[in-house]
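The primary structure of each chain is shown beneath.
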Number of protein chains: 2
Amino acid sequence: MSRRRLLGTASAAGAAGLALGGAGGAWAHSAAQEEPPTALTTLGSTTVPFHGTHQAGILTPAQAHGHLLAFDLVPEAGRKQAAALLRRWSEAARRMMAGERPSAGERDTGIALDAGPSSLTVTFGFGRTFFTRTGLKDRLPAQLAPLPDFSADALDKKRSDGDLWVQIGSDDALVAFHALRALQREAAGTARVRWQMSGFNRSPGATDRPRTVRNLMGQVDGTNNPKPEDEDFAGKVFVPSSGEPSWMAGGSYVVQRRIRMLLDDWDKRSLDEQEKVIGRRKSDGAPLSGGHEHTEPDLEKRGTDGAPVIPGDAHIRVTAPETNGGAAMLRRPFSFHDGFRDDGAPDAGLLFLAWQADPLRGFVPVQRKLDRGDALSRFLRHEASGLFAVPGGPRKGEYVGQRLLEG
Amino acid sequence: MSRRRLLGTASAAGAAGLALGGAGGAWAHSAAQEEPPTALTTLGSTTVPFHGTHQAGILTPAQAHGHLLAFDLVPEAGRKQAAALLRRWSEAARRMMAGERPSAGERDTGIALDAGPSSLTVTFGFGRTFFTRTGLKDRLPAQLAPLPDFSADALDKKRSDGDLWVQIGSDDALVAFHALRALQREAAGTARVRWQMSGFNRSPGATDRPRTVRNLMGQVDGTNNPKPEDEDFAGKVFVPSSGEPSWMAGGSYVVQRRIRMLLDDWDKRSLDEQEKVIGRRKSDGAPLSGGHEHTEPDLEKRGTDGAPVIPGDAHIRVTAPETNGGAAMLRRPFSFHDGFRDDGAPDAGLLFLAWQADPLRGFVPVQRKLDRGDALSRFLRHEASGLFAVPGGPRKGEYVGQRLLEG
Ligand code: HEM
Ligand code: HEM
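Residues numbered from 1 in each chain as written. Chains lettered and ligands numbered in written order. Predicted model: local features only at pLDDT ≥ 70, side-chain atom pairs only at ≥ 80, totals over all residues. Heavy atoms only, no water.

Colleague: An account of the coordination of the iron atom of ligand 2 is requested, with residue identities and associated values reported.
Modeller: Just one protein atom donates to the iron atom of ligand 2; it is B:His315 (NE2), sitting 2.1 Å from the metal. Assignment of secondary structure puts B:His315 in helix H8 (residues 315–319). (Donors = N, O, S within 2.8 Å, 3.2 Å for Na, K, Ca; no water. Helix = DSSP H or I, 4+ residues; strand = E, 2+ residues; numbered from the N terminus.)

Colleague: Run through the site of ligand 1, naming residues and quoting values.
Modeller: Residues and elements named next belong to chain A. In the region of ligand 1, 27 residues are neighbours, and Gly222, Thr223, Asn224, His315 and Arg331 sit closest. Within the side chain of His315, a nitrogen or oxygen atom sits 2.9 Å from a nitrogen atom of ligand 1. The element best represented in the shell around ligand 1 is helix H9 (residues 363–371), accounting for 4 residues. Considering only residue class, the shell around ligand 1 consists of 16 nonpolar, 8 polar and 3 charged. (Near = heavy atom within 4 Å. Polar contact = N/O pair within 3.5 Å; in protein donor to acceptor, adjacent residues only side chain to side chain. Nonpolar A, V, L, I, M, F, W, Y, C, P; charged D, E, K, R; others polar.)

Colleague: Describe the relation of the copies chain A and chain B, and please don't skip the residues or the numbers.
Modeller: Rotating chain A by 180° and translating it 0.0 Å along the rotation axis places it on chain B, where the RMSD comes to 0.0 Å. The transformation just described matches what one would write down for a two-fold rotation axis. Interface overlap between copies is the fraction of interface residues in one copy that are interface residues in the other; for chain A against chain B it reaches 100%, indicating a shared surface. (Least-squares fit on C-alpha atoms with pLDDT ≥ 70 in both. Contact = heavy atoms within 4.5 Å.)

Colleague: Talk me through the pattern of salt bridges; I want residue IDs and the actual numbers.
Modeller: Residues and elements named next belong to chain A. Counted according to the given criterion, the structure contains 54 salt bridges over all chains. When the shortest N-O distance is used, the salt bridge between Arg88 and Glu186 registers 3.4 Å. Placement of the pair is Arg88 in helix H2 (residues 79–98) and Glu186 in helix H4 (residues 173–187), with a sequence separation of 98 residues. What emerges from the salt-bridge pattern is a single network uniting Glu91, Arg94, Arg95, Glu100 and Glu106. (Salt bridge = Lys/Arg side-chain N within 4 Å of Asp/Glu carboxyl O.)

Colleague: Tell me what's going on with the UniProt feature "domain: Dyp-type peroxidase C-terminal" (unreviewed entry) in chain A, and back it up with residues and numbers.
Modeller: With numbering aligned to this structure, UniProt lists the feature "domain: Dyp-type peroxidase C-terminal" (unreviewed entry) at residues 213–393 of chain A. Across residues 213–393 of chain A, the secondary structure splits into 18% helix and 25% strand, with the terminal C-alpha atoms separated by 26 Å. (UniProt positions renumbered as here; feature names shortened; annotations may be inferred.)

Colleague: Give a detailed account of the side chain of A:Ser160, specifying residues and quantitative values.
Modeller: All names here are of chain A. By secondary structure assignment, the location of Ser160 is in the loop between helix H3 (128–133) and strand S3 (164–170). Given a relative accessible area of 3%, Ser160 falls into the buried group. From its side chain, Ser160 meets the backbone nitrogen of Ser385 in a polar contact 3.0 Å long. The residues contacting Ser160, other than those within four sequence positions of it, are Leu155, Arg194, Trp195, Ala384 and Ser385. (Buried < 20%, exposed > 50% of the residue type's maximum accessible area, 1.4 Å probe, protein only.)

Here it is, written out as structure tokens:
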């Protein structure tokens, strides 16, 4: 595709403000953070703003590729080194997300050359251990209290927790890998990778279903997420500007779980059984009580046999805010597939990511209930876990976490 | 993106023959096999023909996602069961590649629902051991003689070789995973996954560079591949219609190598050093002797210091057909990244795939020379290897390998 054809596409789609620079230039077509990138805008040229009230990568439509990783500070590094690292990381993230090319003579792997940022986002968070390691224990948010043990957990400590958390998302796999290596280089001498996981979602343009995605069980996933247009959306997902601690204003708490799916078992079940496990139709995500994907499920409705059409242990009944004192979270997962296990089963499932203003009013009560056994849990294994404080988005000139580290 | 907008995009791009069916319908926009899919056609709706002289997935532009896997026949399975499996696999591949939806009541994971085939290709091959296991030893092609041992090899036998080889490519990760699971289901009782690897390339639309891709060393990769428009192209890559054995007419031999890159070492080298290792500029792939990406390298040219500007051990000098008695192959790789190793280094590199009419006039002589040490080899580790006979494409009504199994 020549540059001219690229411009042609974008203008045919009525996209405004596209400006493709040469070396050193920027891919400057900026899309609203909430709008899903589609084949109508050029996949490569879409940028997500680095600055804002919230960090990017929370409300951004889930990208086709994601890396999730945790770093631990090296023993010699303290608060000062951590602050310098966050400053370097923020500057690198800002530039890569804007599609700025490396300047002449700058060290760069070159992996992202030729490509636009492709909706690249980089999101930074702090784990509980970060606060002790940097002498900031007095600033540890109460919300970072360790998650309770769940009876069905089989957690690998080496792939759980960590001082610093990074989420990278992009619609291009090489752009995502370039960002991963660039951030790792900036960390050298200050922090080391503790664990790293990769995931994926549908490519923009592969489907005509924009907002919700499918997971590896074949289900439409994300339907009943809180929506930005809901009245109380911000209150569920983000720490308010008057919230505590004040450096978390505009921030959110993310729970990450590596949840392996027992796909060989799952795929043997009939469509009917599978749909009862969730409480929704597989084809289009409509609730079993009727309607289409976005029809409110009717949890009271009974079939001719007198039994509830959405069974008592159906996943959407057990997790619904109505049955959990209003507990809600924004789920923005990636699927993962790390080959096959020694037992011949696929090592695949969901990198579950739940965003909320307070885990005790989001993930924790709902997972407590799931842990007592919903129908879906029989097909799942929770293998790794993390909880991180993700501060608000940086203002111009600020770095992520500056209000914590210098406030 | 609504279905209407999807149609709008495709017609704006002048694509003909787009027909989006509902459940049971097909995504019928067919693109020529050699044309790279771009943002101009809709990523999801592009189909690659299953039938033809050659199997799909060889001349098809490399897709964003790939799975490579080998199956071994179970002890109870012989030629008859293998033939039945190839028939089932071919029918499944044909239907998925055409974008046909599963029919009502059909077992399907549902993972690809909503999505078009997104340039899905499935390619089947036979390993040396297949012929002994199925009593077809008299049909074993001479070209499947085991690859010689190379001194730098550190091969994992468990991730090498195998009776049957499958390559899956798609521009959508879920479509690719769906195909993987569908083929695995068809194999149940007849063959078991021996090894499986996943890889990636740039997403269509992420860049304005259509034909060549970048690898994880940041290099433009694929430049000097034989091109379909070259006079002797077919003779290098495919077995001629008069070739031996006759069931391989239109087929090709593929060498697969899992080549890990020592990226931490590599990324420490200066740009100048890196460019001398290959003999090409990193920014645009132009040879160090001057010009642009597709300028013929001048291996004789010397600098003011009298030294050749493309060094004696530069990768493109050591591998060039001119220095290897004309030995040539079509390289169509995927990059891979399987997290980090225990030593902290990324487990990443190239799933090298070389296609040729005869490995003894393609991969083998070139790798023999590389093995004596080109500049690039110092940054590489060959960790797994396979050689497979990939028969010609099926005619309508035929299954892949039918000429071998029933001929
Ligand atoms: C691999 C694991 C999981 C899978 C495959 C899965 C799948 C689904 C599906 C298909 C839906 C219905 C569509 C939707 O509204 O998104 C759903 C809803 C939901 N899930 Fe999960 N889920 C998983 C784990 C969890 C976990 C661990 C939690 C929280 C602890 C959770 C909380 C919810 C909530 C809150 C809803 C929305 C309920 C409603 O308001 O209707 N899920 N999930
Ligand atoms: C990870 C391993 C490898 C990397 C990163 C790599 C990279 C490259 C690059 C950047 C080029 C120049 C651009 C191009 O023409 O494609 C190239 C050319 C080439 N490579 Fe490799 N290569 C690798 C392994 C191999 C192996 C194992 C072979 C064969 C045994 C091979 C054979 C060739 C050939 C034949 C050319 C074209 C030479 C010419 O005609 O100019 N490469 N490779």
